[in-house]
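# Observations on the three-dimensional arrangement
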Amino acid sequence: MTTSVGFIGLGGMGQPMARNLLKAGFALRVFNRSVEKARGLADAGAQVAANAGDTVRSGGVVFTMLANDAAVEEVVLGQNGVAESLGQGGIHVSMSTIAPETSQRLAKAHAQHGSAYVAAPVFGRPEAAAAQKLWICTSGPEAAKQLVRPMLEALGQGIFDFGDDPGSANVVKLCGNFLIAAAIEAIAEATTLGEKNHIDRAALINFFAQTILACPIYQNYGRIIANEAYEPAGFRLALGLKDINLVRDVGESSRTPMPLADLLHERLLSAMAKGREDMDWTAIGLGVSENAGLRRKA
Ligand code: NAP
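Note that this is a predicted model, so its numbers are computed, not measured.

## Some words on the sheet that holds strand S7 (residues 122-123)
- If you walk across this open sheet you meet the three strands as S7-S8-S9, and the pairing is mixed. Across the chains shown, the open sheet's two edge strands, defined by having one partner strand only, are S7 and strand S9 (156-161).
- For strand S8 (residues 134-138) and S9, the ladder comprises five bridges, and the chain directions are parallel. Note on S9: the bridge partner recorded for Leu134 is Gly156.

Quick look at the structure:
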């Protein structure tokens, strides 16, 4: 297979995803703002582009896996951006967690150049990305989704489609991250309650993760919170705050009160104020424990 694919954003998620595209036989042109992160991929056979626009030729396919809305807009619409180079028949597959409105705006911008936009946000942390175990949600024009399907299949274990509106998949992703954050808060409160009443945190989580809450979110996040293993981050707390802000924005614009999202916002903001932005987002559990007078074990 020789299809050439561009990939922009080689952070915790982008790095293993780009590797899997290479492994699947796609010829890759990669770009990352901090160039040193492209080195490993170059050794694995990727070509390193000079800038974002240089990752793709007219009519090609380009993936973005960048931190936030501003970063995606910058690499698409900024100087030497993707919008100019993608051209007639090109496809932008946008996999970051961003606002539905940003996807809608980008889809319009691409349409002016004859290109299509597919939103394809993912569930799964860097380990899942490396193991090709991501769950991928898509939305956008049908023909473009069909064309990129073999590439998405190289990245994940399942693809679920949510229709034509480019922002729909982003709404689903935000609903999912809200559910995960709510589970993190619940696990943190329960383990703290257990600990204050002389129940071992790990024993508590082991029990629930094998019985009434036997699902990946409670199992994996439960283990991290029980062990207080908040570093290194799989998903940085600063990005978690970004996502809860996006959830609240969509709630605001669609008149959906979300009191639990408000609480999560406060937890994440408080953790940021304590310098925890580069810890895993489960580190909101530290604040929960501190409020109960507990200290983190060494
Ligand atoms: P990350 O490790 O922090 O990487 C962020 C990437 O964005 C880096 O390549 C970074 O470049 C780039 N970037 C940031 N600002 C930029 C800008 N202004 N211009 C150009 N590039 C910029 O984040 P990640 O964990 O890979 O997450 C990437 C996306 O996936 C986020 O939207 C996140 O919410 C989502 N996501 C993450 C997870 C997870 O578990 N980590 C799971 C699902 C979805 P530099 O290297 O130069 O900083």
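## Quick word on the packing of aromatic side chains
- In this structure the tally under the stated criterion is four aromatic pairs.
- Where Phe207 meets Phe208, the ring centres are 4.9 Å apart and the plane angle is 50°; that geometry is what we call tilted.
- For Phe207, a relative accessible area of 47% corresponds to the partly exposed category.
- By relative accessible area, which is 25% here, Phe208 ends up partly exposed.
- Its guanidinium or amino end placed over the ring of Phe123, Lys173 lies 4.1 Å from that ring's centre, counting from NZ or CZ.

## Considerations on empty space enclosed by the protein
- Under the criterion given, the structure shown has one cavity of 30 Å³ or more.
- Each pocket or cavity is described by its volume, and for the largest cavity that value is around 30 Å³.
- Taken together, Ala181, Ile184, Leu264, Leu268, Trp281 and Ile284 make up the full set of residues lining the largest cavity.
- Residue assignment for the lining of the largest cavity shows that the elements contributing at least two residues are helix H8 (168-196) and helix H12 (259-273).
- Class assignment of the residues belonging to the lining of the largest cavity gives a composition of six nonpolar, no polar and no charged.

## Description of the pattern of salt bridges
- Under the defined criterion, the tally for this structure stands at 15 salt bridges.
- With a closest N to O distance of 2.9 Å, Asp161 and Lys145 form a salt bridge. Placement of Asp161 in strand S9 and of Lys145 in helix H7 (residues 142-153) is noted, with a sequence separation of 16 residues between them.
- By relative accessible area, Asp161 is classed as partly exposed at 41%.
- Judged by its relative accessible area of 8%, Lys145 falls in the buried class.
- The salt bridge involving Glu189 is made with Arg267; its shortest N-O contact spans 3.9 Å. With Glu189 in helix H8 and Arg267 in helix H12, this residue pair connects regions lying 78 residues apart in the sequence.
- For Glu189, a relative accessible area of 39% puts it in the partly exposed group.
- Assessed through its relative accessible area of 19%, Arg267 is described here as buried.
- Taken together, the salt bridges that share partners define one network made up of Arg29, Asp54 and Arg57.

## Points about the site of the ligand
- Surrounding the ligand, one finds 27 residues, the nearest of these being Gly12, Asn32, Ser34, Lys37 and Lys242.
- Within the backbone of Gly234, an N or O atom sits 2.9 Å from a nitrogen atom of the ligand.
- Between the ligand and the protein, one listed contact pairs an oxygen atom with a side-chain N or O atom of Lys242 at 2.8 Å.
- Taking 900 Å² as the accessible area of the ligand by itself, protein coverage stands at 88%.
- Where the shell around the ligand is concerned, the elements lending two or more residues are helix H3 (69-77) and helix H11 (237-253).
- It is H11 that provides the largest number of residues to the shell around the ligand, a total of three residues.

## Some remarks on the pairing of S8
- Across the five residues of S8, four count as buried, placing the element largely inside the fold.
- Here two bridges tie S7 to S8, and the two strands are oriented antiparallel to one another. Of the residues in S8, the one forming a bridge with Val122 is Ile136.
- Between S8 and its parallel partner S9, the chain crosses via H7, and the hand of that crossover is right-handed.

## Focus on H7
- Between its first and last C-alpha, H7 extends 16 Å over 12 residues, near the 16 Å set by a 1.5 Å rise per residue.
- Burial in H7 covers these residues: Ala144, Lys145, Val148, Met151 and Leu152. One face of H7 carries all of its buried residues, which in axial projection span an arc of 110°. Of the exposed residues in H7, those oriented more than 90 degrees away from the buried face are Ala143 and Leu147.

About the cut-offs
- Residues numbered from 1 in each chain as written.
- Predicted model: local features only at pLDDT ≥ 70, side-chain atom pairs only at ≥ 80, totals over all residues.
- Heavy atoms only, no water.
- Pairing = 2+ DSSP bridges.
- Helix = DSSP H or I, 4+ residues; strand = E, 2+ residues; numbered from the N terminus.
- Phe/Tyr/Trp six-rings, centres within 6.5 Å; stacked < 30°, edge-to-face > 60°.
- Buried < 20%, exposed > 50% of the residue type's maximum accessible area, 1.4 Å probe, protein only.
- Lys NZ or Arg CZ within 6 Å of the ring centre and 35° of its normal.
- 1 Å grid on protein atoms, 1.4 Å probe; cavity = no way out; pocket = protein on both sides within 12 Å on 5 of 7 lines; lining within 4 Å.
- Points joined across faces, edges and corners; volume = space filled by probe spheres on them.
- Nonpolar A, V, L, I, M, F, W, Y, C, P; charged D, E, K, R; others polar.
- Salt bridge = Lys/Arg side-chain N within 4 Å of Asp/Glu carboxyl O.
- Near = heavy atom within 4 Å.
- Polar contact = N/O pair within 3.5 Å; in protein donor to acceptor, adjacent residues only side chain to side chain.
- Areas by Shrake-Rupley, 256 points an atom, 1.4 Å probe, with all protein chains shown as cover.
- Right-handed = clockwise from strand over helix to strand, strands pointing away.
- Expected span 1.5 Å × (residues − 1).
- Arc of directions from axis to C-beta.

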